[in-house]
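# Report on the structure
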Amino acid sequence: QVQLVESGGGLVQAGGSLRLSCATSGIIFSIRTMGWYRQAPGKQRELVAIITPGATTNYANSVKGRFTVSRDNAKNTVYLQMNSLKPEDTAVYYCNAGALGTSRPYWGQGAQVTVSS
């Protein structure tokens, strides 16, 4: 059974920081590209950041320089460090384990991040 469990969301003032974690089980974590997506009310889900098995990263332009994605293969966990948060970062943040061969992608349940102005 595959599980992706996000934690670390919450309410923070603009300019503050939060760190999201996504603990996984049931997948071979070390060979999966992992991603963070977000969905704000009334908007489509969008990619925030991805990290490949080799730790290559890529970010949405809107978060470059403020967010950092990292992974710990020993703990089967991916992180998203979010600094200098803005009200427009308010969204539900989802962890994603990318598709691999014939294995489908998997999603976490989401973590609410609210940034107050």
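Thresholds applied
In every chain, residue numbers begin from 1 and rise along the written sequence. Restriction of local features to residues with pLDDT of at least 70 applies here, the model being predicted, together with a cutoff of 80 or more for giving and counting side-chain atom pairs; totals for whole chains, interfaces and linings are based on all residues. The basis for the side-chain values is all heavy atoms of the structure; hydrogens and waters are excluded. In this text, helices come from DSSP runs of H or I with a minimum length of four residues, and strands from runs of E with a minimum of two, each type numbered from the N-terminal end. Radius of gyration: over C-alpha atoms. The globule rule applied is 2.2 Å multiplied by the number of residues raised to the 0.38 power. Only protein chains enter the area calculation, which uses a 1.4 Å probe; residues under 20% of their type maximum are buried, those over 50% are exposed, and those in between are partly exposed. In short, Shrake-Rupley with a 1.4 Å probe defines the accessible areas, and a residue's cover is counted only from the protein chains shown. For the purpose of counting charges, residues Lys and Arg are taken to be positive, whereas Asp and Glu are taken to be negative. His and the chain ends are not included. By convention, charge coordinates are those of NZ in Lys, CZ in Arg, CG in Asp, or CD in Glu. We call two residues in contact when some of their heavy atoms are within 4.5 Å. Here a strand pair is declared whenever DSSP counts at least two bridges between the two strands. Between the N-to-C directions of two axes lies an angle of 0 to 180 degrees, each axis being a line fitted to C-alpha atoms and, for a helix, fitted only over the stretch in contact.

## Describing the overall build of the protein
Broken down by element type, the protein carries zero helices and 11 strands. In the protein, the succession of helices and strands from N to C terminus is β-β-β-β-β-β-β-β-β-β-β. Whereas a compact globule of 117 residues would reach a radius of gyration of roughly 13 Å, the protein reaches 14 Å, a difference of no more than 12%. C-alpha atoms of the protein, sized along the principal axes, occupy 45 × 25 × 20 Å. Taking all 117 residues of the protein together, the buried fraction comes to 40%. A total accessible area of about 6100 Å² is found for the protein, and carbon and sulfur atoms account for 49% of it. In the protein, 11 positive and 5 negative side-chain charges are present, and the distance between their average locations comes to 5 Å.

## What about the environment of Thr 57?
Structurally, the position occupied by Thr 57 is in strand S6 (residues 57-59). Remark: the alpha-carbon pair of Thr 57 and Val 69, spanning 12 residues in sequence, is separated by 7.2 Å. Not counting residues within four places of it along the chain, the set of residues in contact with Thr 57 comprises Ile 50, Ile 51 and Val 69.

## Quick look at the pairing of strand S7 (residues 67-72)
Here S7 shows a clear split, with Phe 67, Val 69 and Arg 71 buried on one side and none of Thr 68, Ser 70 and Asp 72 buried on the other. In the sheet, S7 pairs with strand S8 (residues 77-82) via six bridges, with the strands oriented antiparallel. In the strand pairing of S8, Arg 71 is matched with Val 78. Between S7 and S8, which pair antiparallel and follow one another directly, the connecting turn spans four residues, one of which, Asn 76, has a positive phi of 55 degrees.

## A word on the environment of Thr 68
Note on placement: Thr 68 falls in strand S7. In contact with Thr 68, not counting residues within four places along its chain, are Tyr 59, Tyr 79, Leu 80 and Gln 81.

## Here we look at the sheet that holds S7
Whether parallel or antiparallel, the strands of a sheet pair through hydrogen bonds between backbone atoms. Pairing in this open sheet of four strands is antiparallel, and the strands run S1-S3-S8-S7 from one edge to the other. Among the strands making up the open sheet, the edge pair consists of strand S1 (3-7) and S7. Strand-to-strand twist of the sheet, defined as the mean angle between neighbouring strand axes without regard to direction, takes the value 15 degrees.

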